[in-house]
Amino acid sequence: MALLPLGRQFAAVRIPGSLVHAALGSADADVVAELLSLRLRGPVIHDHRSTGPTYYALIQWHAGLIWDRGETAPCLQSDTYLGVPHIDRREPPGTYWVAPPRYEGDLCRPQAVRDLIDAGRQQFGQENETLPGRTKGESRSRSLACPAGSEGVAR
């Protein structure tokens, strides 16, 4: 795994697995991989944190400057490093590519990521920015993304 700085070449939207699974109507890994590839048409990383599965959709760095999905699916950018698995790592255990990049510079369209998040939120019947089992302002557990200068590598 390599740690890559966000906010220079790309940013990453951290999406809870429950939201992705609700939007896609499945938690089956093969189904999720196929549907995410079709809907987002860009690279997505999967990590299974202590709080459950998490997906990272890679988007253009400048889209993170105006990202509007708040705490539900934050956009990680400058001062954050993302743990990126080897390009051949495409299944568990550990962190892996659900949808690897197809070519240099391949990224998800920000609107496609927003649409996926909105579909998941709609399935939960939410009007606010919290997910079941999580309240606003609740602290986040360690993730695959680490603030710049952090000593350790999460997962």
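Residues numbered from 1 in each chain as written. Predicted model: local features only at pLDDT ≥ 70, side-chain atom pairs only at ≥ 80, totals over all residues. Heavy atoms only, no water.

Quick word on the overall build of the protein chain
- Counting secondary structure elements, the protein chain contains three helices and eight strands.
- Ordered by position from the N terminus, the helices and strands of the protein chain form the series β-β-α-α-β-β-β-β-β-α-β.
- Buried residues in the protein chain amount to 46% of all 155 residues.
- A separation threshold of at least 6 residues defines the contact pool for the protein chain, and within that pool the share at least 24 residues apart is 75%. (Helix = DSSP H or I, 4+ residues; strand = E, 2+ residues; numbered from the N terminus. Buried < 20%, exposed > 50% of the residue type's maximum accessible area, 1.4 Å probe, protein only. Contact = heavy atoms within 4.5 Å.)

Notes on the packing of helix α2 (residues 29-40) against helix α3 (residues 110-124)
- Where α2 contacts α3, the axes come no closer than 9 Å and their chain directions differ by 130°. Here α3 runs oblique to α2, going by the angle between their axes. For the pair α2 and α3, contact is made by Leu36, Arg39 and Leu40 and by Ala112, Val113, Asp115, Leu116 and Ala119, respectively.
- Along the lines of polarity and charge, the residues of the contact of α2 with α3 split into six nonpolar, no polar and two charged. (Axes fitted to C-alpha atoms, helices over the stretch in contact; angles between N-to-C directions. Parallel < 35°, antiparallel > 145°, perpendicular 65-115°, else oblique. Nonpolar A, V, L, I, M, F, W, Y, C, P; charged D, E, K, R; others polar.)

Thoughts on the pattern of salt bridges
- In the structure shown here, the tally under the stated rule is four salt bridges.
- The shortest N-O distance in the salt bridge between Arg69 and Asp68 comes to 2.6 Å.
- Of the residues examined, Asp68 reaches a relative accessible area of 43% and is grouped as partly exposed.
- Here Arg69 makes a salt bridge to Asp118, at a shortest N to O gap of 2.9 Å. With Arg69 in the loop between β4 (52-60) and β5 (75-76) and Asp118 in helix α3, this residue pair connects regions lying 49 residues apart in the sequence.
- Accessibility expressed as a relative area gives 31% for Asp118, which makes it partly exposed.
- What you see here is one network of salt bridges that share partners, running through Asp68, Arg69, Arg114 and Asp118. (Salt bridge = Lys/Arg side-chain N within 4 Å of Asp/Glu carboxyl O.)

What about helix α1 (residues 17-24)?
- Counting buried residues along α1, seven of its eight residues qualify, which places the element largely inside the surrounding structure.
- Within the sequence span of α1, burial applies to Gly17, Leu19, Val20, His21, Ala22, Ala23 and Leu24.

Examining the nonpolar core
- Within the largest apolar cluster, 27 residues are counted, with the highest numbers of intra-cluster contacts made by Val13, Ile15, Leu36, Leu40, Ile59 and Val113.
- Elements with a minimum of two residues in this core: β2 (10-16), α1, α2, β4, β7 (96-99) and α3.
- With five residues, the single largest contributor to this core is α3.
- Excluding its chain neighbours within four sequence positions, the residues that come into contact with Val113 are Val13, Ile15, Leu40, Ala57, Ile59, Trp67 and Cys108. (Core = buried A, V, L, I, M, F, W, Y, C linked by side-chain atoms within 4.5 Å.)

Observations regarding a nonpolar patch on the surface
- Taken together, the side chains of Trp61, Leu65 and Ile66 present a nonpolar region at the surface, about 350 Å² in accessible area.
- Relative to the elements of secondary structure, Ile66 occurs in the loop between β4 and β5. (Patch = residues over 30% accessible without salt bridge, like charges linked within 9 Å, V, L, I, M, F, W, Y side chains within 5 Å. Areas by Shrake-Rupley, 256 points an atom, 1.4 Å probe, with all protein chains shown as cover.)

With respect to the sheet that holds β5
- One open sheet holds the five strands; their spatial order is β5-β2-β4-β3-β7, and the pairing between them is antiparallel. Looking at strand neighbours, the two that pair on one side only are β5 and β7, the edges of this open sheet.
- As judged from the six bridges shared by strand β3 (residues 44-49) and β4, these two strands associate in the antiparallel manner. Following the sheet pairing, Arg49 is matched in β4 by Gly52.
- The strands touched by α1 within the sheet are β2 and β4, with β2 carrying the most contacts at an inclination of about 80°.
- Those strands touched by α3 are β2 and β4, and its axis lies near 10° from that of β2. (Pairing = 2+ DSSP bridges.)

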